[in-house]
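# Structural characterization, general
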Amino acid sequence: MTAATTQQPPVSRDPMVPRPFRVVASHLDTDDTVTLSLEPMGSDPLVFAPGQFTMLHAFGVGEVPISICGDPTRPDPLMHTIRDVGNVTHALVSAEVGAVVGVRGPYGTGWRPGDGVGGDLLMVAGGIGLAPLRPALLEVASRRDEYDRVVLLYGARSPADILFEDDLRRWADECRIEVAVTVDYAPPEWDGRVGPVTTLVGRAGFDPPRTLALVCGPEIMMTLTANALLGRGVAPHRMRLSMERNMKCGAGLCGHCQLREFFLCVDGPVLPYSQLAPLLDVREL
Ligand SMILES: Cc1cc2nc3c(=O)[nH]c(=O)nc-3n(C[C@H](O)[C@H](O)[C@H](O)COP(=O)(O)OP(=O)(O)OC[C@H]3O[C@@H](n4cnc5c(N)ncnc54)[C@H](O)[C@@H]3O)c2cc1C
Ligand code: FES
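For the structure given in this document, a descriptive report is provided here. (Residues numbered from 1 in each chain as written. Chains lettered and ligands numbered in written order. Predicted model: local features only at pLDDT ≥ 70, side-chain atom pairs only at ≥ 80, totals over all residues. Heavy atoms only, no water.)

### Looking at the site of ligand 1
Rules: Being near a molecule or strand, for a residue, means having at least one of its heavy atoms within 4 Å of it. In protein, a polar contact requires one atom able to donate a hydrogen and another able to accept it; more generally it is a pair of N or O atoms within 3.5 Å, and residues adjacent in sequence count only if both atoms are side-chain atoms. Accessible surface area values rest on a Shrake-Rupley calculation with a 1.4 Å probe, where residue burial reflects the displayed protein chains alone. Under the DSSP-based scheme used, a helix requires at least four consecutive residues in state H or I and a strand at least two consecutive residues in state E, with every element numbered from the N terminus. Each residue gets one of three labels, nonpolar for Ala, Val, Leu, Ile, Met, Phe, Trp, Tyr, Cys and Pro, charged for Asp, Glu, Lys and Arg, and polar for the others, Gly among them.
With respect to spatial proximity, 18 residues lie near ligand 1, and among them P65, S67, T81, R83 and T89 are the closest. Take T81: an N or O atom from its main chain is 2.9 Å from a nitrogen atom of ligand 1. For ligand 1, an oxygen atom lies 3.2 Å from a polar atom in the backbone of V88. Coverage of ligand 1 by the protein amounts to 68% of the 880 Å² it exposes when considered alone. Looking at the shell around ligand 1, the elements with two or more residues in it are β4 (62-67), β5 (78-83) and α1 (87-93). Considering every element that reaches the shell around ligand 1, the biggest residue donor is β4, with four residues. Considered class by class, the residues forming the shell around ligand 1 number nine nonpolar, six polar and three charged.

What follows is the structure, encoded as structure tokens:
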């Protein structure tokens, strides 16, 4: 049996019941990562804020939290970039055009890039962490004149793992966004930067007291980036990190995502570093 069915389930009003969405496009980004475009079946498009996530349901397999990666000003189709790491994500990246998946949400707090209007905006992404930041980048690109410097620092495992290459070029060439990309390892023909994304922080052009920093990636990368930003003089309350923990309900009911006093599905995933700093070494419950 395939995980994503082509039959149309009924639309429920219960917020815990997934709404059916049809896969209208599936784009292979890298060898293990796919972007799915989804259209609602019999319900309105899902309006979301940059940084929010949905619970994506592969029928017969399970449900996982995945960040929305599309344009917040154009919520239809609904886009998610998914890395194939286990059962549910494998079923989702395997969903073909025409298949039906379930969607609950949107859930969680957003990046709120608008808080950086009038100053500099710095975004630092590691790996698949560029996907949750993409809606913020699209929003900022559409209101570019409201910011001073806008900088994106992006680290991927290798050149073959770089996501959204067309976007990266467009943001740099047409949107006056300073884009710097680095990879952990590269073949000899790569003439770009090699090394962790944190090494880019020291050289990046932004004015720390006037900077809002949005950081998304593996936890160790976010911790090291936050330390580098502190070293440059960015205030802890002006850094926002997106925290990933196991989630079941996505709606503040089950406690699976608890990190001390926070339920990350409702209080997060995006939280200021000033609140997260004492918690970053707390393991999952
Ligand atoms: C708020 C939020 C937003 C997310 N956004 C995205 C996204 O945009 N794209 C995307 O591909 N993934 C995203 N994830 C991670 C995604 O939810 C997990 O990869 C997924 O739950 C794995 O489920 P699985 O059944 O496929 O694999 P499992 O069998 O559950 O796990 C396979 C492997 O992945 C690891 N893993 C499971 N969950 C996570 C997690 N939350 N973070 C890191 N490693 C994990 C496990 O430890 C295990 O090693 C997000 C997670 C959260 C909490
Ligand atoms: S996932 Fe259930 S409370 Fe957060």
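### Section: the pattern of salt bridges
Counted only if it meets this: A side-chain nitrogen of Lys or Arg and a carboxyl oxygen of Asp or Glu constitute a salt bridge if their distance falls within 4 Å. The buried label goes to any residue with under 20% of its type's maximum accessible area, the exposed label to any with over 50%, and the partly exposed label to all in between, with areas taken from a 1.4 Å probe on protein chains only.
Under the definition given, this model contains 16 salt bridges. Salt-bridge contacts for D167 lead to R134; the nearest nitrogen and oxygen are separated by 2.6 Å. Taken as a pair, D167 in helix α3 (residues 165-174) and R134 in helix α2 (residues 130-142) lie far apart in primary sequence, 33 residues in all. Given a relative accessible area of 11%, D167 falls into the buried group. Through salt bridges with shared partners, a single network forms among D120, D148, R149, D207 and R210.

### Details of helix α5 (residues 219-232)
Formally: Expected span of a helix: the number of residues minus one, times 1.5 Å. Our arc is simply the arc of the directions from the helix axis toward the C-beta atoms.
Here α5 is 14 residues long and its end C-alpha atoms lie 20 Å apart, about the 20 Å a rise of 1.5 Å per residue gives. Listing the buried residues of α5 in full gives M221, M222, T225, A226 and L229. Projection of α5 onto a plane perpendicular to its axis shows the buried side chains occupying an angular sector of 135°, all on one side. The outward face of α5, more than 90 degrees from its buried face, is lined by the exposed residues I220 and G231. Where α5 ends, the next residue or the one after it, G233, has phi of about 100°, a positive value.

### Considering the sheet that holds strand β3 (residues 53-58)
So the rule is basically this: Here a strand pair is declared whenever DSSP counts at least two bridges between the two strands. Every axis in this analysis is a line fitted to C-alpha atoms, fitted for helices over the stretch in contact. Angles between the N-to-C directions lie between 0 and 180 degrees.
Reading across from one edge, β4-β3-β6-β1-β2-β5 is the order of the six strands in this open sheet, with antiparallel pairing throughout. The open sheet terminates on both sides in strands that have one partner only, identified here as β4 and β5. On average, each strand axis in the sheet is tilted by 40° relative to the strand beside it, whichever way the strands run. As paired elements, strand β1 (residues 19-30) and strand β2 (residues 33-40) share eight bridges and run antiparallel to each other. Its bridge partner lying in β2, A25 is registered against S37.

### Description of the environment of M41
One can find M41 in the loop between β2 and β3. Taking the C-alpha atoms as reference points, M41 and R19, 22 residues apart in sequence, are found 7.9 Å from one another.

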